[in-house]
Amino acid sequence: MDTFSCIAARKSVRDFSDKPLGDAEIEKLIEAALYAPVGMKAYDSLHLTCVTDEKALAAIRGMARKKTGDENADPLHGAPALIVVSVKEPTHVAFANSACMIENMLLEAAELGLGSLYVCGIVNALREDAEFLALLRIPAGFTPVGAAAAGYAKEGAPAPAPCRNKVTKVDYIR
Ligand SMILES: Cc1cc2nc3c(=O)[nH]c(=O)nc-3n(C[C@H](O)[C@H](O)[C@H](O)COP(=O)(O)O)c2cc1C
């Protein structure tokens, strides 16, 4: 797929099948994250945690349910893989770095024919939760700030709407 087709094909998926991703697919997503631009080349200010263990994913779901009080909550929407980005200091640049990594993974997921979702809400809600940090073995001094969930969209799930933004205004200074 050419770059623009890939950008246009990416859409948030919120109904994943439980079909696991292969190691090659996971590695492609990680590689995509590692090709992202990073401010001041501060590569050691970022950390990735790739969660594919079903028990760990179920534990995250459980923590989300406890945190939100919603016993049906699944902020990962059944995704079989979650790649969490943590930063050393949650600065403006660090958030931008994490977003670049996450978007690269979402685009690579589109290239691979996978569904994906930018997951921020629950990561933010649990970012100081000792159980969450321990489960993900987040290195001391790092804070999780966002994640990419990826997997196969469930068969028969409604196709996500085309995601071209028609609201944001664009000025051309010519
Ligand atoms: C920084 C950021 C955080 C997001 N966090 C979440 C999230 O926690 N949960 C979720 O379901 N979607 C999340 N999204 C996905 C947006 O809701 C989604 O991109 C938006 O609705 C547009 O739809 P599209 O991705 O299909 O274009 C996030 C997106 C971004 C860029």
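The numbers attached to residues start from 1 for each chain and follow its sequence in the written order. In view of the model being predicted, local features appear only for residues whose pLDDT reaches at least 70, and side-chain atom pairs are presented and counted only at 80 or more, with totals across whole chains, interfaces and linings using the full set of residues.

Visitor: What am I meant to see in the site of the ligand here?
Guide: Around the ligand, the surrounding shell consists of K11, S12, R14, L117, Y118, V119, C120, G121, P160 and C163. Element by element, the count of residues in the shell around the ligand is highest for strand 3 (residues 115–119), at three residues. Along the lines of polarity and charge, the residues of the shell around the ligand split into six nonpolar, two polar and two charged. Nearness between a residue and a molecule or strand is assessed with a C-beta atom placed from the backbone; a distance within 6 Å qualifies. Secondary structure elements follow DSSP: runs of H or I of four or more residues count as helices, runs of E of two or more count as strands, with numbering from the N terminus. Note on residue categories: nonpolar means Ala, Val, Leu, Ile, Met, Phe, Trp, Tyr, Cys or Pro, charged means Asp, Glu, Lys or Arg, and polar means any other residue, Gly included.

Visitor: Explanation requested: the pairing of strand 2 (residues 81–87) in the structure shown.
Guide: A regular strand places its side chains on the two faces of the sheet in alternate fashion. Residue burial is a threshold on neighbouring C-beta atoms within 10 Å of the residue's own C-beta, all placed from the backbone, with 20 or more meaning buried, 12 or fewer meaning exposed, and counts in between meaning partly exposed. With respect to burial, strand 2 is a largely interior element, seven of its seven residues being buried. Note on pairing: DSSP must find at least two bridges between two strands before they are called paired. Relative to strand 2, strand 1 (residues 46–51) runs antiparallel, the two being bridged by six bridges. Bridged to H47 within strand 2 is S86. In the sheet, strand 2 pairs with strand 4 (residues 143–151) via seven bridges, with the strands oriented antiparallel. Across the sheet, S86 pairs through a bridge with P144, a residue of strand 4.

Visitor: Looking at this model, I keep getting lost on the sheet that holds strand 1. Mind explaining?
Guide: Think of a sheet as strands paired side by side through backbone hydrogen bonds, with each pair either parallel or antiparallel. Here four strands make up an open sheet; going across it, the order is 1-2-4-3 and the pairing antiparallel. Only two strands of the sheet have a single partner each, and these edge strands are strand 1 and strand 3. Taking each pair of neighbouring strands and ignoring which way they run, the sheet shows an average axis angle of 20 degrees. Note on method: axes are straight lines fitted to C-alpha atoms, helices fitted across the in-contact stretch only, with angles between N-to-C directions ranging 0 to 180 degrees.

Visitor: Would you mind going over unusual backbone geometry with me for this structure?
Guide: Most peptide bonds take the trans form, and the phi angle of most residues other than glycine is negative. Backbone geometry places H77, a non-glycine residue, at a positive phi of 55 degrees. Inspection of the secondary structure assignment puts H77 in the loop between helix 3 (54–68) and strand 2. Residue classification places H77 among the partly exposed positions, given that 18 C-beta atoms sit within 10 Å. Residue R137 is not a glycine yet carries a positive backbone phi of 50 degrees. Inspection of the secondary structure puts R137 in the loop between helix 6 (130–135) and strand 4.

Everything listed is a geometric property; what it means functionally is a separate question.
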